[in-house]
Amino acid sequence: MNRAYLDKLFTVVLAGVLAGLALAAAALPAALVFGLGVKNLMPYTVLPEALKTPQPAQRSNLYANDGRTLITSFYVEDRVDVPVGEVAPVMRDAIVAAEDVRFYEHHGVDVRGVARAFTANRREGTRQGASTLTMQYVRNALAGDTRLTEEQRAAATEITVGRKIREMRYALTLERQIGKDEILGRYLNIAYFGAGAYGIAAASKRYFSTTPERLTLAQAALLAGLVRSPADDPINGDADAARQRRAYVLDRMVEAGRVSAADAEAAKATELALRPNTTPNDCAAVPADHNDWGFFCDWFTQWWNAQPAFGENVDERQRTLRRGGWKIVSSLDPDVQAKASEQVRAIYPETIARAAPTAVVQPGTGRVLAMAVNRTYGTAANPDGQQNYPNTVNQLVAGGGGITGYQAGSTFKLFALLAALESGLPLDTEFDAPRVYVTQYPVGAGPASCGGRWCPENANTYWMDGDRDMWDAFGRSVNTYFAWLTERVGADRVVEMAQRLGIVFRAPADARMAREGAKSWGPFTLGVSATTPLDLAGAYAAVAAEGTWCRPTPVTSITDPGGRTVAAGNTDCRQVLDTEVARAAADASRCPVGDQSMYRRCDGGTAEELAPGLRRPVAGKTGSSERNATETVVAFTPQLSVATIAANPDDPRDAVGGGVQKRQIAAVGRILAWSLRDEPVRDFVPPGQAVAFQHTSPRTGN
């Protein structure tokens, strides 16, 4: 056994003995400590993952689609790691002087410091610590690692001799494997600086609205002093105590030769000059001047909670979000969102019960660019009877959390159109549509019941009755034509088509009917099922994308703290329609909004004023539920799909009336025009003559 090895072994044994005695405040018999044995005082051969690759809780940041505009953050500890090279040298010097002046001299355990603590504890009856900066890092890393259980994390801070010895053994091992600067950087990232700031980056922002690399001597000394006494933070605690701690650190820096006495005195005389800056936490903390972002943020959390990649249940997924340090670049386009919010409030102000939830979706990706509604996002109390206005956090745009949606009327005729085209019927399928059509579908008593059979009627006899094909029946929204078409293809196929294009049945009665009674659900074609603007915009976006349906997503990318991209942030798209079927549906959808089909077959539409104002190819559909209880407008181009529904979320008996649809049409047109103002004009691909004019076998080619 050589001399160097004996020296190291003696250091370890002595350190372990003295640490045990210091912790026991000189009350533990030396024989007991020595009884631990030399083997139990040696460095460990293997480090736990918590020390090799630490994962302390870090805040996750949600950005707009530019990757820079912060929407909000999510965290239980406000922390974001920075490389040690991005920390000002004065900060590194200050923390070493304050916490472990011999940091660059020892090997993880400072025998001289342990002896000093042991002596002081024996003489003064106090309890002095003997932890090096490396040992403190070990304790913090084990106590904060998200991969460990609560019990394991608690064991890292228990007041026992065994814990102290484990800490020392880990520190010795760590310094054999990792350089001093790396340990210092990890310590700076994990330490708590008070006022809710974990790590040097959060502390720099919290106290001084700056970054670690820009810290001054006075600022660095103040922060270094808070590590030992975070309760003295000058924002919430005692400013005088913080100044005293700052002075202490500056004196230690002078003693260590890290700063001149003159510079230290100048720093002591400096005002604290705090510039407190809080990091937003959760959706309620979106910037006040962008309150409308809250509804998008809320839907993002719904989306995250449904992703199995982040945990087995909602609680685990929330822990992953709030501790994982993710950079989430969302799909939210602040420019499009601002215009959508402006236009929604042109439909309705936020001070009335009626709402106009609106969604903007990108075809081909499913990325949601905007979610707007005429409400204040917040938990402030509303007057009695006003559950959702003027304030709410309920998801009025995307549904969920008790919001099942709203009837979207004739916009659901799209699904009958698609089912018919897919079955082999062409666009020029003709039917002499009567004013009233008695179907085979059973219904209860009501205005659309003829002897117990569903018998819808056209809203405008003069304009709708007569010989129609799919183009002008869709354009003029002829109820009896689509009731007849539904009979031909089967109501269950219409329901299945809607589900295929992302319509979710959130109302229990709708879900039960879709599951057990789809074959007899003829009225479904006229939009009697509750839906949301987001589902509807996504369904029409699939037609815009030539049959590719993409699950609506609030994210563009997700990266972990190491910069690795996470697959959960990828788009989820699939071809759900034959391309020719989708092109034919898009061609017919040009008729309602005043555009012209490729075959010049459009002859009237319910929103003819939309296309002329947009001055680019556009398609879409309007819908009115019974008694105009709700009004809906959907419009799309190859690049964008927008849907808005006017309804009273608190009282479905409150009919919004048909007059609001004019404002909806204008609003949707302005949203499209603004959002696409810098985009090239793109036309729809025309459908082939076969799908337009020929009966064929079922069209399910792709």
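**Observations regarding the sheet that holds strand 15 (residues 555–559)**
So, step 1. Across the sheet, which stays open at both edges, the four strands sit in the order 2-1-3-15 with mixed pairing between neighbours. Edge positions in the sheet fall to strand 2 (70–74) and strand 15, since each of these pairs with one other strand and no more. Between one strand axis and the next, the sheet turns through 15° on average, direction left out of account.
So, step 2. Summarising the sheet, strand 1 (residues 60–63) and strand 2 pair through four bridges and their orientation is antiparallel. Note on strand 2: the bridge partner recorded for Asn61 is Ser73.
So, step 3. Its contacts with the sheet put helix 14 (residues 293–305) on strand 1, strand 2, strand 3 (327–330) and strand 15, and the angle it makes with strand 2 is roughly 45°.

**Here's the deal with the nonpolar core**
So, step 1. Core analysis: the biggest nonpolar cluster contains 105 residues, and Phe415 and Tyr481 have the highest contact counts within it.
So, step 2. Residues within four places of Phe415 in sequence aside, it is in contact with Val494, Met497, Ala498, Leu501, Ile503 and Ala539.
So, step 3. Ala97, Ala98, Tyr187 and Phe208 belong to the second largest nonpolar core, which has 60 residues in total.

**Some words on the packing of helix 10 (residues 200–208) against helix 11 (residues 217–228)**
So, step 1. Between helix 10 and helix 11, the shortest axis-to-axis distance is 11 Å and the interhelical angle comes to 115°. At the point where helix 10 passes helix 11, the crossing takes the right-handed sense. Of helix 11, the residues touching helix 10 (which contributes Ile200, Ala203, Ser204, Tyr207 and Phe208) are Gln219, Leu222, Leu223 and Leu226.
So, step 2. Tallied by class, the residues present in the contact of helix 10 with helix 11 amount to seven nonpolar, two polar and no charged.

**With respect to the state of the cysteines**
So, step 1. A full pass over the atoms with the stated rule returns four disulfides.
So, step 2. Each sulfur in the disulfide pair Cys283 and Cys297 lies 2.0 Å from the other. Linking Cys283 and Cys297, the disulfide has an S-S dihedral of approximately -80° and is accordingly described as left-handed. Of this pair, Cys283 sits in the loop between helix 13 (261–269) and helix 14 while Cys297 sits in helix 14, and the two are 14 residues apart along the sequence.
So, step 3. On the accessibility criterion, Cys283 (2% relative accessible area) is buried.
So, step 4. If you count the bonded cysteines of the protein chain from the N-terminus, they pair up as 1-2, 3-4, 5-6, 7-8.

**Some points on helix 12 (residues 239–255)**
So, step 1. Between its first and last C-alpha atoms helix 12 spans 25 Å; for 17 residues at 1.5 Å apiece the expected length is 24 Å, and the two agree.
So, step 2. Lining the buried residues of helix 12 we find helix 4 (89–99), helix 11 and helix 13.
So, step 3. Residue Asp238 occupies the N-cap position of helix 12, its side-chain oxygen lying 2.9 Å from the main-chain nitrogen of Asp240.
So, step 4. Phi turns positive, to about 75°, at Gly257, one or two residues after helix 12.

**Things to note about the pattern of salt bridges**
So, step 1. One pass over the full model with this rule turns up 39 salt bridges.
So, step 2. Asp335 is paired through a salt bridge with Arg677; the nearest N and O atoms lie 2.8 Å apart. Of the two residues, Asp335 sits in helix 16 (residues 334–347) while Arg677 sits in the loop between helix 26 (660–675) and helix 27 (689–693), which places them 342 residues apart along the sequence.
So, step 3. Residue classification places Asp335 among the partly exposed residues on the basis of a relative accessible area of 30%.
So, step 4. Notably, a salt bridge pairs Glu546 with Arg583, separated by 2.9 Å at the nearest N-O pair. With Glu546 in the loop between helix 23 (533–544) and strand 14 (548–550) and Arg583 in helix 24 (residues 579–589), this residue pair connects regions lying 37 residues apart in the sequence.
So, step 5. Residue classification places Glu546 among the partly exposed residues on the basis of a relative accessible area of 24%.
So, step 6. Linked by salt bridges that have partners in common, Arg139, Arg163, Lys164 and Glu167 make up one network.

**Overview of the side chain of Glu175**
So, step 1. For Glu175, the position within the fold is in helix 8 (residues 161–177).
So, step 2. Overall, Glu175 belongs to the buried group, its relative accessible area being 16%.
So, step 3. A polar contact of 2.5 Å, which involves the side chain of Glu175, links it to the side chain of Thr134.
So, step 4. The contact partners of Glu175, leaving out residues within four places of it in the chain, are Phe103, His106, His107, Gly108, Thr134, Lys180 and Ile183.

**Regarding the packing of aromatic side chains**
A ring pair, where both rings are aromatic, is described by two values, the distance of the centres and the angle of the planes.
So, step 1. Taken as a whole, this structure holds 29 aromatic pairs when the rule is applied.
So, step 2. Lys339 extends its terminal NZ or CZ atom over the ring of Trp674, reaching a point 4.6 Å from the ring centre.
So, step 3. In this structure, Lys621 packs its charged tip against the face of Phe474, placed 5.5 Å from the ring centre.

**As for the sheet that holds strand 4 (residues 358–361)**
So, step 1. Taken in spatial order, the five strands make up an open sheet running 5-4-19-18-17, and their pairing is antiparallel. The outermost strands of the open sheet, each flanked by one partner alone, are strand 5 (368–372) and strand 17 (619–624). Ignoring strand direction, the axes of neighbouring strands in this sheet form an average angle of 5°.
So, step 2. Sheet topology note: the strand 4/strand 5 ladder contains four bridges and is antiparallel. Bridge pairing in strand 5 links Val360 to Ala370.

**Observations concerning helix 11**
So, step 1. Burial analysis of helix 11 places 11 of its 12 residues in the buried class, the great majority of the element.
So, step 2. Considered for burial, the residues of helix 11 that qualify are Leu217, Ala218, Gln219, Ala220, Ala221, Leu222, Leu223, Ala224, Gly225, Leu226 and Val227.
So, step 3. Buried positions along helix 11 lie against helix 4, helix 9 (180–190), helix 10, helix 12 and helix 13.

**A closer look at the environment of Arg574**
So, step 1. Note that Arg574 resides in strand 16 (residues 573–575).
So, step 2. A sequence separation of 32 residues divides Arg574 from Ala542, and the C-alpha atoms of the two residues are 9.5 Å apart.
So, step 3. Side-chain polar atoms of Arg574 contact the side chain of Asp572, separated by 2.9 Å.

**Structural notes on the pairing of strand 19 (residues 641–646)**
Within a regular strand, side chains alternate between the sheet's two faces.
So, step 1. With six of its six residues buried, strand 19 lies for the most part within the structure.
So, step 2. Of the two faces of strand 19, the one lined by Ser641, Ala643 and Ile645 and the one lined by Val642, Thr644 and Ala646 are each fully buried.
So, step 3. As paired strands, strand 4 and strand 19 are joined by four bridges and run antiparallel to one another. Bridge pairing in strand 19 links Thr358 to Thr644.
So, step 4. Summarising the sheet, strand 18 (residues 631–636) and strand 19 pair through six bridges and their orientation is antiparallel. When the bridges of strand 19 are listed, Val634 appears paired with Ala643.

**Describing the environment of Gly701**
So, step 1. Its place among the elements puts Gly701 in the segment after helix 27.
So, step 2. For Gly701, a relative accessible area of 69% translates into the label exposed.
So, step 3. For the pair Gly701 and Leu577, spaced 124 residues apart in sequence, the C-alpha separation works out to 8.4 Å.

**Quick notes on the packing of helix 17 (residues 413–423) against helix 21 (residues 491–500)**
So, step 1. With their axes 8 Å apart at the nearest point, helix 17 and helix 21 run at an angle of 105° to one another. Overall, the two elements helix 17 and helix 21 adopt an arrangement that is roughly perpendicular. Counted together, Phe415, Ala416, Leu418, Ala419, Glu422 and Ser423 of helix 17 and Arg493, Val494, Met497, Ala498 and Arg500 of helix 21 form the full contact between these two elements.
So, step 2. Residues of the contact of helix 17 with helix 21, tallied by class, amount to seven nonpolar, one polar and three charged.

Each value, and the rule that gives it
- Residues numbered from 1 in each chain as written.
- Predicted model: local features only at pLDDT ≥ 70, side-chain atom pairs only at ≥ 80, totals over all residues.
- Heavy atoms only, no water.
- Pairing = 2+ DSSP bridges.
- Helix = DSSP H or I, 4+ residues; strand = E, 2+ residues; numbered from the N terminus.
- Axes fitted to C-alpha atoms, helices over the stretch in contact; angles between N-to-C directions.
- Contact = heavy atoms within 4.5 Å.
- Core = buried A, V, L, I, M, F, W, Y, C linked by side-chain atoms within 4.5 Å.
- Buried < 20%, exposed > 50% of the residue type's maximum accessible area, 1.4 Å probe, protein only.
- Left-handed = near helix turned anticlockwise from the far one by under 90°.
- Nonpolar A, V, L, I, M, F, W, Y, C, P; charged D, E, K, R; others polar.
- Disulfide = S-S within 2.5 Å.
- Expected span 1.5 Å × (residues − 1).
- Polar contact = N/O pair within 3.5 Å; in protein donor to acceptor, adjacent residues only side chain to side chain.
- Salt bridge = Lys/Arg side-chain N within 4 Å of Asp/Glu carboxyl O.
- Phe/Tyr/Trp six-rings, centres within 6.5 Å; stacked < 30°, edge-to-face > 60°.
- Lys NZ or Arg CZ within 6 Å of the ring centre and 35° of its normal.
- Parallel < 35°, antiparallel > 145°, perpendicular 65-115°, else oblique.

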